[in-house]
Each structure stands twice: as C-alpha cells, then as structure tokens.
Amino acid sequence: MTPEFFAALGPILAAEPLLYIVGGVILGIVAGATPGLTGAMGIALMLPLTYYIDSKLALILLVSMYVGAISGGLLPATLLRIPGTPASIMTTFDGYPMARDGRPGRALGIGITASFVGGVISWLFLAGLSPPLARFALRFGPFEYFSMTLMALMLIAAVTEGSLMRGIVSGFLGLVAALPGLDPVSGEMRLTFGFHQLAGGFQPLPVLIGIFAVSQILLMAGEGAPVTERVTTGFSRMFMTLADWRRQAVNLVRSSVVGTWIGIVPGIGANIGSIVAYTLAKSASRTPDRFGKGSEEGIVASETANNATVAGALIPLITMGVPGSVVDAILLGALVIHNIQPGPLLFRNEPDLVYGLIWAVLVANVVMLALMLAGIRIFGRLATIPKALLNPVLLVMCCVGTFAAANRHFDLWIMLGFGLLGYVLQRCRVPLGPFVIAYILAPLLEKNLRSGLMMSAGSYEPLITRPISATFLAIALVTLVYAVVSEVRAARSGR
Amino acid sequence: MRTFRRFTSALAIVVAAGALAAPVPAFAEYPEKPIRFIVPYGAGGASDIVARIFQKALEDVLPQPVVVINKPGAGGSLGAREAKDAEPDGYTVLSTHIGLHTNRLMGVADFGYEDFEPVAETGTIELVLTASGNSRFENVDDLVAEAKANPDTVTHATNLTSVLHLAALQFMNEPDFTFRFVQVGGGGPRKPHMVGGQSDTSFFSIGEVAQEIENGDLRVLALMSQNRSPFLPDAPTIKEAGYDYDPLGVSFWWMVPNGTPRDRIDFLADSFEQAFAKPDVQKALADRAYAATFVRGEPLANRVRSEFESVKELVERFDISK
Amino acid sequence: MKPDLTAGVLGIGVSIVVFASSFTIAPPRYEPLGAGAVPIAAAVGLFAGSLILLATTVARHLSGHHPVGGKRWVLVPRPATLALTVTAIALYIVLFASPIGFRGATLLFVVAAAVILGARTRRDLIWLMLVAPIVAFGCFYLFTRIFVVDLL
C-alpha cells in the first residue's frame, strides 16, 4: 500500500464522486431488484450515457452500479422467488422459504449484511493484490496472454451450467459473432458478406444489449411474466446479533474467499461464485438438510459470494485488461471508450484514477448497506411494476443506447438480430454466458496467438518453453480433461 | 440580433488578435444551422480530442455551434464514407488524416482524398522510434548494425496497415534492412508490451510516451522528423542519425465532400485559422505534444496529394496492398 | 422440435455459412495463420459441437432413455404477442430515422408496445399517457442537448 493509495481516498469522498456512487448504487439496486433487468443489462444501457462524463466519474458510476445490481437481486429472490439477477438464483432456495414462513425481514437483513461482508473482504484482496499483480503482468507477452485466455475459456466451459456440449456450441457461436469486419491483426476484411456496414464488425454494445436486454424482454413477451405470491409482512429482526455473527463467521470468510477467487478467474462471474459457495457451505454445514428450506447459512453463502465476485473480477480487469466476468467485459468497453488502457501500466500512469476506483468499490459497498437497509420496502416494490409499461420503456432505452454508441442506424438491426438469437438460444436451453465470454475473449485469443507467432517467426515453441505460458496451458489441459471425464461419467449414469 | 452580436464579437477578436486572416464575409447567410464535425474514430482518441478542442474554440468564431459526432469503425472508413455521401453544403466536415490514404491503398475503403476538398490542417503528430529502457540498442546505429547483420530478427511492435506500419517500412527502406513485425495494436496495448521488453523497437507519438521516456521505461532512438521537437529537445532526429528523408507523421486534416461551394470552404478555412491562432488552442495542442502546423488552400491540397503518393509508393514497393 | 435439436441445427447452419465464406479471405502474409485460420477453426468447432449435440440427443431419444421432457420450443405460450412485439421493434427501428422523427416514433412505439404487452386496464392506460411523452421527449432532450447524438 503506497501513499498514493491512501491519498486517493480523500477525493473520492468529495461531493461529486459521492453523488455518482450513491446514484450508481441506487440505479444498480433498481436494475438488480427489477426482474428481467440484470446488472449487465443495466450497465450496458448506462454505458452510452457515460460517454460524455469525466472518465473517472463514469467508471465510479458503473462500478457502483455493479455493486448495487448484485446486491439488489436479493430482494425479488427473497420476496418473490424470482432472482433479480442470475447471481441470486441460489438465494431463492432459502430466502423465499424464510420469507414465506413470516421472516422476510430476517432473510433480507442477513442477506444484505452478508453482501456487505463479502464486498468488504473481497475489496481487501482487490486493494492488496492488484498492484503486485500488475507489476507481474508486465512480464506477459503475447504468448502468456494467449495461454491465460485459453485457460479462462476452458474453466468457463468446465463450470458452465447445464450440458458441456450446449456450452461449447454457445461459445463457438460467440466466437463467430466476433469474427466479421477488419481482422485485428493484418487488417484484412473478412466475413462481411459484401455489406460495407459490416466492415466494423458486430460492435460490443449492440451485441450485448441485444443478447441480454432485448432477448429477455422477448422472452417475457412470449412466455408472460411469472406470477407469484408476494410476501410483504414481517420486516423485523433485520440486524444480525453477536451470536449470529459468531455462528456465520466461518461461512462468511469462506464464501468471501471463494467468491473473490472465482471472480479473479477471467470470465466467470457472480452466478458461479454463489453456486460454488453455496455447495461448499452445504457440505460443511451441521444441518445440511435445512438447505433449500430456509437455511440462514444458505443465504449467507450465496449473497456473500456473489458480492465478493464483484471486487474479485475487477482484479484481472484493471491489472491485465482481461474481463473477470460478463459485467467486466462491458466495463472493459467503458475503459476503452474513455481511452483508458487497463493493464500493467495503469497503476503507474493513472494512480489517481485506479486507486480512486478501488476506494469507490469500498464506499459503494457501505452506501449499498445503508440504502438497502433503509429502502427495503421501496426497492421490494420494484418487482411489481407492470411489465407491460416497463418493457416498452426499456426497449426505447435499448435502441437509444445502441444508437448513441456510434450514431449508426445499422447497429439497431444488429441489436434486434442478436436479441432474436439470444431468444432462440434461451428457448433452446443454451446458456448465454459462454456466448458472451467467447465473443469478448476470442479476439484476444486470436490476436495474441498471431502476434506471438509473428514474434517467434512462426514457431509455436515459446508456448511451452516460456514458463508462465506453460503453467497456464497445463491448467487449461487439466481443466479440459476433468470436464470431459465428468461429462462422460454423467452421461453414462443416465442423469 | 444574436447573430449580429456574435459576429461583432468575432470580428473584435480578429481585430484584437491582429489576425492575418481575411475578415469573415459580412453578409454570408452560411452558416445558418449547426455544423457537424464527423470524427470517424471513437471518443477519447487523438482525432476526437482535436475535434473537441476546435469545437470549443470555434464557439465564438462561428455564428452557429459545432456538433462533434463520433462514427467509429473499420479504421475510420465508416465515418468517412458517411461524410463523403453527405450533402456538399458546408454543414458536414470530416476530421481525417493519413488513415484516409492507408484505408484506400490497403483495400479497406473504395474511396479516398479525391472525394473530398481539403479545408485545413491543424496540427501534426510526430513519431518517435523507441526501445525498452534496458534495451541493447543505445541509438539508431546499434539498431541498424544488428538488423543488417541478422536480417529479420530485430522485432518491431506495430499496428499493421496504420501509419506506424508505413513509417517502419519507410525507415527500413533507407538503410535497407528488414524488421520482424509484431502486431500489437494501438498505443494502449503497445506501451506495456514495450516497457516489459517483449519487442525490440516500436514507434509512438511523442505525447503518448512522454512519461515513460522521462522515467526511463522507454528509450528514444530517434525522432522521426527533420527538426528537433520542442517537446523532446534531447532526442536526436532521424536526419541527425544520417537518414535524410521526409518521415511520415499524422497531420489532422479537415475535409468537406466534393462539390462544396468554394466560398464556404474558404469561410471554414478562415474560421479554423482564427481558432488555431487562439492561445488556448495552441496550449491544448502543445499539452499533447502535437506540432503546431497550419496549412490551407493549394499548399494543403499538394501536401495531401504528395502524402498519398509516398504511401502509394511504399505500399507498392513492399507489395502490401490487398 | 426439441431444444437440443434446434440448437444443433442452428449451429450447423451457421458453421456451414462461415466455412464457405472463409475461403474468400486473403492468404496469410505476416504469420502462418492469417486472417482465415480462426474463422475456419471456429466453423469446424461449431460444426463438431453441434453435431455431437444432435447425435447425443437423437441417441438418447432412440434408446428411450430420455422421455420427452423438453417442451417444444416453437410453441411459446403467447406466440402472437411475441410476433407482434418483434414487428413493433422492427417498425420502430425503421421509423427511428424517418421523417416522423425520434419523438414521434418513440411515442407511437411505447403506446403500441405497451398495448401489445398487455396494458389494457384504464389505470395502465392513464399511466401510459404519462410515461410515453416523458420517455419520448426526455430521451430526446437528454441525448441531443446534454449528450450529442444524431437523433432526427
């Protein structure tokens, strides 16, 4: 921790940054607490608006939204059994039963506190680990980046929900979506099918807004919004007692560390973090049979871990420029738009910005805790806004946001096209996660491999003779073998 | 009334500054609506920054506001196409540079400088040839000696098909050696790549790496210019190193689609010239280490054409067209 | 049609298109892979993945191991609503840059989409009359005055 680090705290506590943090957290909670509006979608919609704000404030706003969104998902998960964001799926298992038993306040209270603890513990990792990691990453050349990205893709394929094959198909489709336009290495035109509008390829904003936001609204249009009974009474005993703290201490720390670690692994985000922490908590619990029926441990594990992934996933983003989750992929776009190059030199060139951003994550967690505890009832009501009124407005935001990015009308058609694709994929039970991750990571993979080959005059040898690269490749290989073996085993047992 | 006041205040500035420019035509109806600057690159890039500097500076020079619109994509050819196809009425101005030539010659775009009328050049980015701070190369001679002794081994991080690529070809051509090109991309990813010593050499714009040069992370081998730069006074020029040619840089050009009336082009050029003379414009350009060049009229047309010819010659000699 | 079947067919279709158009890409110039290698690899990978997905689904179906658990994907509960929504979005995109202008198009779209999506009660419609102009004029003001975007 350098003096620069502590010097960056003061400016963050000024009126303007604080305003952006509070605003961001509120917007995030709203996005998270509104079923159908995920954090990724909210941030993707917000991104064009930040074009015209000072870059530091813009990033603070987006990161605060990220913190708020992951936390806000707890509310509908508990009160309606609808996960506000995919990261809160595990919370529905125990939060809703508790709420139905007349203890919604208790369920939300421990969930909010757990979110805060997860946020703070993972923040310690973010603040402590990032600067040395950034220095280390200076040793990375194209081969190292290639191997690391490959490892990340393998890890994602291995942990993706549902069948491995569907994940792979989804990933390859994402890879294909990243191909058209100017080749990133030699500047050749490819796969434009004669449309000069495609010379710039499928840009991230139309693709992400289409895949996440438009497809979700189409799903709701086609299937109708789920109808559930809403729990409203019993907002008492929200604060955790000393005995609660003692009982949950191990769970809180374990889930935070698990969440942070899964956040750091490029490409996997909050949903996986919460699933793994939940599973671990269940197997470590003295009362595993309570899980799924209203276990406090379950809520704590899920909510601690999903919030811990937020700061965790920022680590590879700011130290290496590799997104740690889907939301971070959008944040990467934000950095690029604001002409800030994430990576090893960020700490040296823009200490004020990067340390300020790190402090903002902590402040956002504190703000989140206060706002959530104070505003439970209001935010809880968001889930009851009629979809028929909300969705048209969201669609307008999708179109304006997409258009604003590059002032291109053609991008709107790209957005609609990817909205339809996302709809079909979801109806086919093909997960969207691998699609988006491959769409973002595949260009990095291709670019770095081909750059590396230029460096070595066509030789693949450095991939295994350079030690850092070899380590990453070994992990990738082990992961792949493990995933295939367990898939085959699952298929044998007939599921 | 408001227009009139704007006009008089603009005139006052002209008089006060003792500007050389011709006065703004007194009864011109043009411009009667906002003028659009199309920047075919993303927000925050060099072209965008220059466009916004002038947007602000033109506020009290023009009776109408300027609107900067970013239309990024395909190396700038998407936005340039839009400007080419716009109504030639003086209300659409394209911000462009040597990328217009490279896109054309590399087959990214099927149109080029002939489709536009140049209005003004406002500033130039000069390039520096750099090596990592602990490189074995102290100067250009070291580099050329090794590169000649072992052809195709000295690595050069670049952004293929951009001006950096051409500048490297132009440099290779003189002492006659070959770099081993490594595609790393724009300045953002190339900086850590070079500081970490992954490749031997790379070109940057001065402003991009001023900090790294100062703290010793990067070493300047040569400034790609005929004369030394006030922003980097200790850096020897490529001419001092013994290679006398006119090195490529990136000059910021303003162009309007063909067919735009001559008096409107002149009006725009006058306005740019007035804005360019302002101290805060000069300071903003200097802060980014952009050389303060201003060219207009016939000299600019010649400059654009001759730069096209040099790029074309390089592309043909190294057979890199598509 | 079962979900896995659809996904498989979609994947195979896309892979064939990509594979076919990969051959028009210029040959490598600076390194052994070139611009065409990754598209071809992607097409092959997608084809293989989709084929395995199809094969396992069919095999499982034939062996009777996996009774018809997956719902038929085309048959959504409200196909008409879905089709109308997509049409409305497409029309909105067309009108977005037409002489009607952004504000007019947005007003029309918000009202139409809300009705399509099920705003029928009087309360909903009153809200709609409030929300639609706010969105149309609010967005227009925000994006043209505060941020500079090229809206008609």
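Everything numeric in this text was worked out from a predicted model, so none of it was measured.

### What about the overall build of chain C?
Broken down by element type, chain C carries five helices and zero strands. Starting at the N terminus, the α and β elements of chain C follow one another as α-α-α-α-α. Here chain C, with 152 residues, has 42% of them falling under the buried criterion. Sequence separation of at least 24 residues holds for 63% of the intrachain contacts in chain C that already meet a minimum separation of 6. A total accessible area of about 8000 Å² is found for chain C, and carbon and sulfur atoms account for 75% of it.

### Observations concerning the overall build of chain A
Regarding its fold elements, chain A presents 22 helices and two strands. Structurally, chain A occupies a C-alpha span of about 70 × 60 × 50 Å along its principal axes. Taking contacts inside chain A between residues at least 6 apart in sequence as the whole, the part at least 24 apart equals 79%. For chain A, the exposed surface amounts to about 16600 Å²; the carbon and sulfur share of it is 67%. The averaged location of the 23 negative side-chain charges in chain A is 9 Å from the averaged location of its 31 positive side-chain charges.

### Here's the deal with the domain arrangement of chain C
Annotation of chain C at the domain level lists domain 1 (3–62) and domain 2 (79–146). Put simply, the middle of domain 1 of chain C and the middle of domain 2 of chain C, counted by C-alpha atoms, are 39 Å apart.

### Quick look at the interface of chain A and chain B
Where interface size is quoted, it is often the accessible area lost as the parts come together. Between chain A and chain B, the contact holds 32 residues from the first and 34 residues from the second. Here chain A packs against chain B, burying approximately 2700 Å² in sum over the two surfaces, 55% of which is carbon and sulfur. The largest contributions to the chain A side of the interface with chain B come from L345(A), M454(A) and M455(A), which together make up 20% of the buried area. One salt bridge connects D217(B) with R348(A), and the closest N-O pair in it is separated by 2.4 Å. Breaking the side of chain A that touches chain B down by element, the ones donating at least two residues are α16 (346–349) and α20 (432–455) of chain A. With four residues, the single largest contributor to the side of chain A that touches chain B is α20(A). Class assignment for the residues of the side of chain A that touches chain B results in 15 nonpolar, eleven polar and six charged.

### Concerning the pattern of salt bridges
Residue and element names in this part refer to chain A. Applying the stated rule across the entire model yields 32 salt bridges over all chains. Between R106 and E296 there is a salt bridge whose closest N-O contact spans 3.0 Å. Of the two residues, R106 sits in helix α8 (residues 104–137) while E296 sits in helix α14 (residues 296–320), which places them 190 residues apart along the sequence. Across the pair, exposure class does not vary: R106 and E296 are buried alike. A cluster of three or more residues bridged by salt bridges with shared partners is formed by R103, R106, D244, R247 and E296.

### Examining the confidence of the model for chain A
Detailed reading of the predicted coordinates is not advisable wherever pLDDT falls low. Summing up the model confidence of chain A, the mean pLDDT is 85 and the portion of residues at 70 or higher is 94%. The spread of mean pLDDT over the elements of chain A runs between helix α4 (residues 39–46) of chain A, the lowest at 77, and helix α21 (residues 462–465) of chain A, the highest at 95.

### Things to note about the packing of aromatic side chains
Each pair of aromatic rings is reported with the distance of its centres and the angle of its planes. Residue and element names in this part refer to chain A. This model, assessed by the stated rule, comprises 35 aromatic pairs over all chains. Between the aromatic rings of W123 and W359, the centroid separation amounts to 5.2 Å while the plane-to-plane angle is 40°, which identifies the pairing as tilted. Linking W123 in helix α8 with W359 in helix α17 (residues 351–381), this pair joins segments that are 236 residues apart in sequence. Comparing W123 with W359, the two get one shared label, buried.

### Some points on empty space enclosed by the protein
Following the criterion strictly, the structure yields two cavities of 30 Å³ or more and no others. There is about 40 Å³ of room inside the largest cavity. Taken together, L59(A), V63(A), L314(A), L317(A), I318(A), L331(A), L335(A) and L357(A) make up the full set of residues lining the largest cavity. Contributions of two or more residues to the lining of the largest cavity are made by α5 (55–72), α14 and α15 (326–337) of chain A. By residue number, the principal contributor to the lining of the largest cavity is α14(A), which donates three residues. Across the lining of the largest cavity, the residue classes tally to eight nonpolar, no polar and no charged. Looking at the second largest cavity, its volume works out to about 30 Å³. What lines the second largest cavity is P40(B), Y41(B), G76(B), S77(B), A80(B), T96(B), G99(B), L100(B) and N103(B). If you list the elements that add at least two residues to the lining of the second largest cavity, you get α3 (77–85) and α4 (99–105) of chain B. It is α4(B) that contributes the most residues to the lining of the second largest cavity, three residues altogether. Classifying every residue of the lining of the second largest cavity gives four nonpolar, five polar and no charged.

### Regarding the packing of α14(A) against α15(A)
Residues and elements named next belong to chain A. Two elements in contact, α14 and α15, have axes separated by 10 Å at closest approach and are oriented at 40°. Taken as a pair, α14 and α15 cross one another with a handedness that is right-handed. Contact with α14, carried on its side by A313, L314 and L317, involves D328, L331, L332 and L335 of α15 and no other residues of that element. Each residue belonging to the contact of α14 with α15 can be placed in one class, and the counts come to six nonpolar, no polar and one charged.

### Quick word on the environment of L218(B)
Residue and element names in this part refer to chain B. Here L218 shows up in strand β9 (residues 218–224). For L218, a relative accessible area of 3% puts it in the buried group. Between the C-alpha atom of L218 and that of M194, which follows or precedes it by 24 residues, the distance is 7.5 Å. Residues in contact with L218, not counting those within four places in the same chain, are A131, S132, G133, M194, V195, F204, V209, E212 and I213.

### So, the pairing of strand β1 (residues 35–39) of chain B
All names here are of chain B. By the criterion of burial, β1 is predominantly enclosed, with four of the five residues buried. Direction of pairing for β1 relative to strand β3 (residues 92–96): parallel, over a ladder of three bridges. The residue of β3 that forms the bridge with I38 is L94.

Analysis parameters
- Residues numbered from 1 in each chain as written.
- Chains lettered and ligands numbered in written order.
- Predicted model: local features only at pLDDT ≥ 70, side-chain atom pairs only at ≥ 80, totals over all residues.
- Heavy atoms only, no water.
- Helix = DSSP H or I, 4+ residues; strand = E, 2+ residues; numbered from the N terminus.
- Buried < 20%, exposed > 50% of the residue type's maximum accessible area, 1.4 Å probe, protein only.
- Contact = heavy atoms within 4.5 Å.
- Areas by Shrake-Rupley, 256 points an atom, 1.4 Å probe, with all protein chains shown as cover.
- Lys, Arg positive; Asp, Glu negative; His and termini not counted.
- Charge placed at Lys NZ, Arg CZ, Asp CG, Glu CD.
- Domains from an automatic or database assignment.
- Buried area = accessible area lost by both parts, 1.4 Å probe.
- Salt bridge = Lys/Arg side-chain N within 4 Å of Asp/Glu carboxyl O.
- Nonpolar A, V, L, I, M, F, W, Y, C, P; charged D, E, K, R; others polar.
- pLDDT = per-residue confidence, 0-100.
- Phe/Tyr/Trp six-rings, centres within 6.5 Å; stacked < 30°, edge-to-face > 60°.
- 1 Å grid on protein atoms, 1.4 Å probe; cavity = no way out; pocket = protein on both sides within 12 Å on 5 of 7 lines; lining within 4 Å.
- Points joined across faces, edges and corners; volume = space filled by probe spheres on them.
- Axes fitted to C-alpha atoms, helices over the stretch in contact; angles between N-to-C directions.
- Left-handed = near helix turned anticlockwise from the far one by under 90°.
- Pairing = 2+ DSSP bridges.

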